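Fold and geometry: a report
So you can see what is in the structure, the chains are spelled out below.
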Amino acid sequence: MKEIYYQIIEFDNHTYIIAVTDKGLAYVGLRDETLSDMSVFYPKANFIESKVRTQKCVNEVKEYLQGERTKFNLKIDISGTEFQESVWKAVAKIPYGSVSNYTKIANEINRPKAVRAVGTAIGKNPVPLVVPCHRVLAKDGTLGGYRGGLAMKSDLLQLERNVQL
């Protein structure tokens, strides 16, 4: 059984779950998600609370949320289907303060007709913020969807606009 070490942190009146394996970051919960939300991504894992194992990741996430970090320096331990992983890699390339859209991502991974599937794969990203799915908008520039809610997506985009690069 896979062991996942987690810590629940508070930031700006919200809780966030940060979880790691021995190989790297495995999960970043969005505002007020619970351990049962994390178990959807890892249904057969054993969750162990550990501030020691998660602290480096927690520090980087907090620095990002405070507008002090524009790039993460973390090893990531996530897996999905070949399609999902290709989408996540494309999303990970979107620079801080920039945006893309679902159609561009589909074209980038050479699956131009898979726009809806790209959206679904983005929704299954277990490490949002680090693989910045909030930077992916609808083709018309509207926010589209976001697992953490549109208010959070808007707040993250605003945070990135207000930080001087």
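Every value quoted in this text rests on a predicted model; they were computed, and no experiment measured them.

1. Some words on the packing of aromatic side chains
Summed over the entire model, instances satisfying the criterion amount to 3 aromatic pairs. Aromatic side chains Tyr64 and Tyr96 sit 6.1 Å apart centroid to centroid with 85 degrees between the ring planes, which places their arrangement in the edge-to-face category. Here Tyr64 is found in helix H2 (residues 51-65), whereas its partner Tyr96 is found in the loop between helix H3 (82-92) and strand E5 (100-101), with 32 residues between them in sequence. On the basis of relative accessible area, Tyr64 is assigned to the buried category, the value being 0%. One cation-aromatic arrangement involves Arg53 over Tyr5; the distance from NZ or CZ to the ring centre is 4.0 Å.

2. Focus on the packing of H3 against helix H5 (residues 115-123)
The N-to-C vectors of H3 and H5 enclose an angle of 80 degrees; their axes lie 9 Å apart at closest approach. Classified by the angle their axes make, H3 and H5 are roughly perpendicular. Counting all contacts with H3, which are made through Phe83, Gln84, Val87, Trp88 and Val91, the residues of H5 involved are Ala117, Val118, Ala121 and Ile122. Each residue belonging to the contact of H3 with H5 can be placed in one class, and the counts come to 8 nonpolar, 1 polar and no charged.

3. Observations concerning the pattern of salt bridges
Counted under the stated rule, the structure contains 9 salt bridges. The partner of Asp77 in a salt bridge is Lys2, and the shortest N-O contact between them spans 3.8 Å. Taken together, the positions of Asp77 in the loop between H2 and H3 and Lys2 in the segment before strand E1 (3-11) put the pair 75 residues apart, joining distant regions of the chain. The buried category is assigned to Asp77, whose relative accessible area is 15%.

4. Regarding H2
At Cys57, H2 shows its largest kink, close to 35 degrees. For H2, the set of buried residues is Thr54, Cys57, Val58, Glu60, Val61, Tyr64 and Leu65. On its buried face, H2 is in contact with E1, strand E2 (14-20), strand E3 (25-28) and helix H6 (150-162). At the exit of H2 stands Gly67, carrying a positive phi of roughly 80 degrees.

5. Topic: the sheet that holds strand E4 (residues 46-49)
Strand order in the open sheet formed by 4 strands is E3-E2-E1-E4, with mixed pairing between adjacent strands. Strand pairing shows two members of the sheet lacking a second neighbour, E3 and E4, which therefore form its edges. Neighbouring strand axes in the sheet, compared pairwise and without regard to direction, differ in orientation by 30 degrees on average. Looking at chain direction, E1 and E2 are connected through 7 bridges and run antiparallel. Its bridge partner being in E2, Gln7 is matched across the sheet by Ile18. Sitting on the sheet, H2 touches E1, E2, E3 and E4, and the angle it makes with E1 is about 40 degrees.

6. Structural notes on the nonpolar core
By size, the foremost hydrophobic cluster in this structure holds 41 residues, and its most contacted members are Leu25, Val87, Val91, Val118 and Leu129. If you list the elements that add at least two residues to this core, you get E1, E2, E3, H2, H3, helix H4 (102-108), H5 and H6. Those residues within four positions of Leu25 in sequence are excluded, and the remaining contacts are Ile18, Ala19, Val20, Cys57, Leu74, Lys75, Ile76, Asp77, Ile78, Val127 and Val130. Membership of the second largest hydrophobic core comes to 9 residues, among which are Tyr6, Ala19, Ala26 and Ala45.

Reading guide: rules and limits
Residues numbered from 1 in each chain as written. Predicted model: local features only at pLDDT ≥ 70, side-chain atom pairs only at ≥ 80, totals over all residues. Heavy atoms only, no water. Phe/Tyr/Trp six-rings, centres within 6.5 Å; stacked < 30°, edge-to-face > 60°. Helix = DSSP H or I, 4+ residues; strand = E, 2+ residues; numbered from the N terminus. Buried < 20%, exposed > 50% of the residue type's maximum accessible area, 1.4 Å probe, protein only. Lys NZ or Arg CZ within 6 Å of the ring centre and 35° of its normal. Axes fitted to C-alpha atoms, helices over the stretch in contact; angles between N-to-C directions. Parallel < 35°, antiparallel > 145°, perpendicular 65-115°, else oblique. Contact = heavy atoms within 4.5 Å. Nonpolar A, V, L, I, M, F, W, Y, C, P; charged D, E, K, R; others polar. Salt bridge = Lys/Arg side-chain N within 4 Å of Asp/Glu carboxyl O. Bend = angle between axes of the 7 residues up to and from the residue. Pairing = 2+ DSSP bridges. Core = buried A, V, L, I, M, F, W, Y, C linked by side-chain atoms within 4.5 Å.

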